[in-house]
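Observations on the three-dimensional arrangement
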Amino acid sequence: MNVKGNHDFNVSREKLWSYLMDPEVLAKITPGVTKLKTIDTDTYQSISDIKIGPVKGSFKGKLNVQDTNEPASFVIKMEQLSKIGNAHATIQMELADKGANQSALSFDGKAKLSGVIARTGQRVLSGVANKLTKEVFAALEQHIEENQEDVADKDKTLVEETISTPPPVETPQDNTNVVEVQEIAIEPTPIAQQTQTPTQDNTSMFSAFINSIKRLFGMN
Amino acid sequence: MTKYIGKSVKRLEDKRFITGQGKYTDDIKLVNMAHAYILRSPYAHATINSIDTSEAKAMEGVVAIYTGADIPEAIAGVPCGWQVNFKNGDIMKEPPHPLLVRKKVRHVGDGVAIVIADSKAIAKDASELIDIDYDIHDAVTDPKAAAQAGAPLVHADVPSNTCFDWELGNPKEEVSAAMASAAHVTELEFANQRVVPNAIEPRSAIGHYDTAHDRYTLYTSTQNPHLTRLLMCAFVLGIPEHKVRVVGPDVGGGFGSKIFHYTEEALVTFFSKIVGRPIKWTADRSEAFLTDAHGRDHVTHAKMGFDADGKIVALQAYTYANMGAYLSTFAPAVPTYLHGTLLQGLYTTPKINVDVTATFTHTNAVDAYRGAGRPEATYLLERIIDLAALEMDMDPAELRLKNFIEPFDGVEQEGYVTQVALQYDSGNYAPVLNRALEMVGYEAFRKEQAAQSNGKLLGIGFSTYIEACGIAPSAVVGALGARAGLFESAQVTVQPTGKVSVYTGSHSHGQGHETTFAQVVADRMGIAIEDVEIIHGDSDRVAFGMGTYGSRSLAVGGSAIVKSVDKVLEKGAKIAAHLLEASPDDLDYADGKWTVRGTDKSVAFGDVSLTAYVPHNYPEGLEPGMDFSSFYDPTNFTYPFGAHVAIVEIDKETGAVKLKRFIAVDDVGNVINPMIVDGQIHGGLAQGIGQALHEGTVYDESGQLINGSYMDYCMPRADDLPSFEVDRTVTPCPHNPLGVKGAGEAGCIGSTPAVVNAVIDALWKGGFKVKDVPMPMTPERVWTAMQ
């Protein structure tokens, strides 16, 4: 799966660079990440909860920043392992200087998926990736806003739209239409002890995707 | 005297299926039974650096966890049952297919560990605690790409990933010379895509070691319990066969995928002794997608030459066939002796050469799937001849009729000897096509097609196929590389009361044998169908059997039953003659009684059978009892044939294809139960149409199966299909006692090219002269072809 995109920010390239190199900021802006631990210079360990349609899992992963060329570019190498499948990604990040307090971030890379997530719903995953990307940019913008005084109004609006009013939380109503892999979720309860209670969606950022799956299967 | 044969007797087995009382492997519950879950590789190609099972083993309810390292070196893996040699005479490359991998995984779904626990849920949970460190490598999934220089190797000792190369027919120079003389040559490159068999019942196996008797029982969803027993005992585990019982209870569909001996069967059998408990393993749907042997996956380049009159002068075909990562039981036979040998089709083509390269890839194994090789051959021939008609601006039906082999009945006229190693038994090909044209209303259709002006494109596609069924004469297949005989056995036990138990080595998993075979026996013995019971699927009850595949059950298994029935009647006549104080030669047998010819003196079958078991007044020197076993080894394959016609309508705006009509005229020889034959044809048509329009297995470049669920893999549904219009002609098989040819695969063999040809015809008539739209012909692909 190819991942590609770019976005402009109201912040200097140097500042943007420093945010992206700060594990705390990264943890804050990356969807689903619940923990980000520095294990080594430029290498972080992350735990994130992801729910993609009927597939839900807790990903344990390594994130490595390499080929750093401050403040212009770096490469993120990511390995995310979970019981619903694994993701290996290499993404080239480019930071462009666009004048005073203006910069642009672009990225281009490839993600390889394996396991259940690879064979169940992969054809719609690029939509999920786009959605995730938007979330990252919006969260980064919010972070910039919180750390700067001179934020343009239009960006405030964008941030409010995407972040302040999260889409409604989805609760699967019809268990019969949920594929078996849902039960693979390792957290919080092993399936041996799991009851038939529908799983609460704890992230919400995939609601667009979930809605499309529901439309696809007439689950509404 | 046919009270039952030729009648649509309702299926005797349906009562238990319809009322939910069928008993499948997963329904079987044994005392103290443990459950297994197989942890499978998420990668297509990777080296295992380490496996840590300690945390998983500590989980409550876990009985044991084993990896490849726990399997004795002597158990190399599951064997391949068919050997094909390289062109230079070398034996094909046959790398071991281990029960669990030791070092390297070679496809997504390769078994890495077996977790045995008190419940399947616990086993699954525990498997998630197994920590495996993999080094991931590049993968290759395409059969042609795999043979190219620089492709990642699936097995280090198999250069160019080539399992074998193989050639059949006339020498290439002769074919080239004939091709050079052709007035027109049609050339076509295409893929016959990979499909998942999708039996409704996922595979399941229970291994049970009985310490009291030092004996194993394996319950498994198989099409051939005895073959599984032979392969597992003699070639995998080294357990004497008399110490193993294999039961294939009710089985919910196979389509070939349950012929093969799978690793899981050997695993549960082997470990049941070690853990001291019965072990059940049942695949979930996702595992079925990953590990049931897939079908097709050929990449082909073919050329057909015609003279100025449209007579075929030559055919040259090159095919790359995907074997997957390991050789499944009959995999090498499919692209060779079940494919190359069928390229004569129904035509008089004088020069044919077929050249096949079989390659290993980082994908699941590919083996026989409904039709097995014959759909690939039919697709090749029928696509290219339809395309040739379009290119030469000739009528596709006429072009076929011009090239058909003349009728021959195999009795008065000899069987037709092909350029590709077969001798057809009997055939009369024009009537099936003419009947189909009549049913279509061909002339009227062509007018309607020409007048079409509503933004839709109408198309008609033909497919006239032949298949080799009734598999197979043992000596012939032995010479072609089979490591088994392909006869069938039957035992007919007449009970003292005159009721009849028939033990057949065929196995029914949807074909309705319990009804069809009972019809044959009841009619031949002149007794009521209720008095006949068909028993199958248990190696302890049925002495031997080769199982059900290749449309062989009635032609081979049915013939074995007839042999045993005839032995019963022969002995019965001796007893009856004694009771009637007449000579056996003076007796007639009809309606369940022997009558002295020209008199009203008779004795009923039940009196004779009782006498056989209570032999007080009995012929001197005759053994008591009425129980006969027979083995039937056919003298030839059987060759059903037919003509299929599809009519499609394409929406020009969206590329969506609607199948409007489907006409199938098949000749499967004599028919015992028309309803069951129609049912087999209907099911086959749905699968063949599914391949043309809906189904397709997709591996991405890293070897991930990306459509491994019913959300992602499109199956044909009832509303995708028209009401099929089916009819038959009857050309009896001259070499088996029932004159039957087999009907299980016909629908799936003939239908796929008919649908694709119809789409191509619609596109050409609409002005889009494309040679091929890859299957499945989704709206996107058809729309793209029109741009």
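Residues numbered from 1 in each chain as written. Chains lettered and ligands numbered in written order. Predicted model: local features only at pLDDT ≥ 70, side-chain atom pairs only at ≥ 80, totals over all residues. Heavy atoms only, no water.

**Examining the overall build of chain A**
When its secondary structure is counted, chain A shows six helices and seven strands. Start at the N end of chain A and walk to the C end: the helices and strands fall as β-α-α-β-β-β-β-β-β-α-α-α-α. Here chain A, with 220 residues, has 46% of them falling under the buried criterion. Put simply, of all contacts in chain A between residues at least 6 apart along the chain, 55% involve residues at least 24 apart. Summing over all exposed atoms, chain A offers an accessible surface of approximately 11200 Å²; the carbon and sulfur share of this is 50%. (Helix = DSSP H or I, 4+ residues; strand = E, 2+ residues; numbered from the N terminus. Buried < 20%, exposed > 50% of the residue type's maximum accessible area, 1.4 Å probe, protein only. Contact = heavy atoms within 4.5 Å. Areas by Shrake-Rupley, 256 points an atom, 1.4 Å probe, with all protein chains shown as cover.)

**Observations concerning the domain arrangement of chain B**
All names here are of chain B. On domain assignment, one finds that chain B holds domain 1 (28-137 + 201-252 + 258-291), domain 2 (295-404 + 419-472 + 636-785) and domain 3 (487-632). A C-alpha centroid distance of 36 Å is found between domain 1 and domain 2. A buried area of about 2500 Å², summed over both sides, lies between domain 1 and domain 2, and 67% of it is on carbon and sulfur atoms. When the area that domain 1 buries against domain 2 is broken down by residue, the three leading residues are W82, F260 and F289, summing to 28%. (Domains from an automatic or database assignment. Buried area = accessible area lost by both parts, 1.4 Å probe.)

**Overview of the sheet that holds strand β23 (residues 627-632) of chain B**
All names here are of chain B. Pairing is mixed in the open sheet, where four strands are placed in the order β19-β18-β17-β23. The two strands at the open ends of the sheet, each matched to only one other strand, are β19 (532-535) and β23. Strand-to-strand, the axes of this sheet are offset by a mean angle of 15°, without reference to chain direction. Pairing of strand β17 (residues 488-494) with strand β18 (residues 500-504) involves five bridges; the strand directions are antiparallel. Residue pairing in the sheet places T493 in a bridge with S501 of β18. Against the sheet, helix α13 (residues 513-525) engages β17, β18 and β19, with an angle of about 135° to β19. (Pairing = 2+ DSSP bridges. Axes fitted to C-alpha atoms, helices over the stretch in contact; angles between N-to-C directions.)

**Quick notes on the side chain of H97 of chain B**
All names here are of chain B. Within the element layout of this structure, H97 appears in the loop between β3 (62-67) and β4 (104-105). Overall, H97 belongs to the buried group, its relative accessible area being 18%. Apart from the residues within four sequence positions on either side, H97 is in contact with A76, G77, V78, T263, Y326 and L327.

**A look at the sheet that holds strand β24 (residues 641-651) of chain B**
Residue and element names in this part refer to chain B. Taken in spatial order, the four strands make up an open sheet running β16-β24-β25-β26, and their pairing is mixed. Sheet topology places β16 (456-466) and β26 (725-728) at the edges, where each strand pairs with a single neighbour. Pairs of neighbouring strands in the sheet enclose a mean axial angle of 10°, with direction left out of account. Of the strand pairs in this sheet, strand β25 (residues 657-667) and β26 are connected by four bridges, and their pairing is parallel. Its bridge partner lying in β26, D666 is registered against R728. Seen against the sheet, helix α10 (residues 430-440) touches β16, β24, β25 and β26 and runs at an angle of roughly 140° to β25.

**A few points about the nonpolar core**
Residues and elements named next belong to chain B. Judged by nonpolar contacts, the single largest core of 157 residues is most densely connected at L343, Y429, I650, F662, I689, L763 and V782. Of all the elements, helix α17 (residues 746-765) adds the most residues to this core, at 11 residues. Ignoring any residue separated from it by four or fewer positions in sequence, one finds F662 in contact with H644, V645, A646, L685, I689, P722, F724, E725, S751, A754 and V755. In this structure, V9, A576, A577 and Y632 belong to the second largest nonpolar core, which totals 45 residues. (Core = buried A, V, L, I, M, F, W, Y, C linked by side-chain atoms within 4.5 Å.)

**Some thoughts on the packing of helix α16 (residues 674-693) of chain B against α17 of chain B**
If you want to describe how two helices pack, look at the angle between their axes and the distance between the axes. Residues and elements named next belong to chain B. Interaxial distance between α16 and α17 falls to 7 Å at its minimum, and their mutual angle equals 35°. Once α16 is placed against α17, the crossing between them reads as right-handed. Side by side, α16 and α17 meet where I681, G684, L685, Q687, G688, I689, Q691, A692 and L693 of the first sit next to A746, G747, C748, S751, T752, V755 and V756 of the second. Across the contact of α16 with α17, the residue classes break down as nine nonpolar, seven polar and no charged. (Left-handed = near helix turned anticlockwise from the far one by under 90°. Nonpolar A, V, L, I, M, F, W, Y, C, P; charged D, E, K, R; others polar.)

**Observations concerning the pattern of salt bridges**
Residue and element names in this part refer to chain B. Inspection of every chain in the model, using the stated rule, returns 43 salt bridges over all chains. Of the charged contacts, one joins R215 and D540 as a salt bridge, the two residues approaching to 3.0 Å between their closest N and O atoms. Pair noted here: R215 is in strand β10 (residues 215-220) and D540 is in the loop between β19 and α14 (553-580), with a separation of 325 residues, a long-range link. The partly exposed category is assigned to D540, whose relative accessible area is 41%. (Salt bridge = Lys/Arg side-chain N within 4 Å of Asp/Glu carboxyl O.)

**Some remarks on the confidence of the model for chain B**
Scored by pLDDT, chain B comes out at a mean of 97, with 100% of its residues at no less than 70. With pTM at 0.89, the complex prediction returns an ipTM value of 0.71. (pLDDT = per-residue confidence, 0-100.)

**Concerning the packing of helix α5 (residues 225-237) of chain B against helix α6 (residues 263-275) of chain B**
All names here are of chain B. Two elements in contact, α5 and α6, have axes separated by 11 Å at closest approach and are oriented at 65°. With respect to α6, the axis of α5 lies roughly perpendicular. For the pair α5 and α6, the sense of crossing is right-handed. Contacts between α5 and α6 involve T228, M232, V236 and L237 on the former and, on the latter, E265, A266, T269 and F270. Its residues placed into classes, the contact of α5 with α6 shows five nonpolar, two polar and one charged. (Parallel < 35°, antiparallel > 145°, perpendicular 65-115°, else oblique.)

**Considering helix α18 (residues 779-786) of chain B**
Residue and element names in this part refer to chain B. Those residues of α18 not exposed but buried are V782, A785 and M786. Projected onto a plane normal to the axis of α18, the buried residues spread over an arc of 100° and lie on a single side. Each element contacted by the buried residues of α18 is listed here: β16, β24, β25 and α17. (Arc of directions from axis to C-beta.)

**Comments concerning the pairing of β25 of chain B**
Residues and elements named next belong to chain B. Extensive coverage of β25 is indicated by the burial of eight of its 11 residues. Here β24 pairs with β25 via 10 bridges, running antiparallel. Note on β25: the bridge partner recorded for V645 is I663. A loop of five residues connects β24 with β25, the two strands running antiparallel in sequence, and G655 in this loop sits at a positive phi of about 80°. Each parallel crossover has a hand, and the one from β25 via α16 to β26 is right-handed. (Right-handed = clockwise from strand over helix to strand, strands pointing away.)

**Regarding the packing of aromatic side chains**
Residue and element names in this part refer to chain B. If you walk through the whole model with that rule in mind, you get 30 aromatic pairs over all chains. Ring plane angle 80° and centroid distance 6.3 Å describe the contact between W82 and F330, whose orientation is recorded as edge-to-face. Placement of W82 in the loop between β3 and β4 and of F330 in the loop between β14 (312-324) and β15 (352-360) is noted, with a sequence separation of 248 residues between them. Both residues of the pair, W82 and F330, belong to the buried class. An angle of 50° between the planes, with centres 6.3 Å apart, marks the rings of F330 and Y549 as tilted. Taken as a pair, F330 in the loop between β14 and β15 and Y549 in the loop between β19 and α14 lie far apart in primary sequence, 219 residues in all. In this pair, the class of F330 matches that of Y549, namely buried. Aromatic ring contacts, followed pair by pair, group Y347, F404, F408, Y416, Y424, Y429, F637, Y639 and F641 into a single cluster. The lysine or arginine in question, R203, covers the ring of Y262, its NZ or CZ lying 3.6 Å from the ring centre. (Phe/Tyr/Trp six-rings, centres within 6.5 Å; stacked < 30°, edge-to-face > 60°. Lys NZ or Arg CZ within 6 Å of the ring centre and 35° of its normal.)

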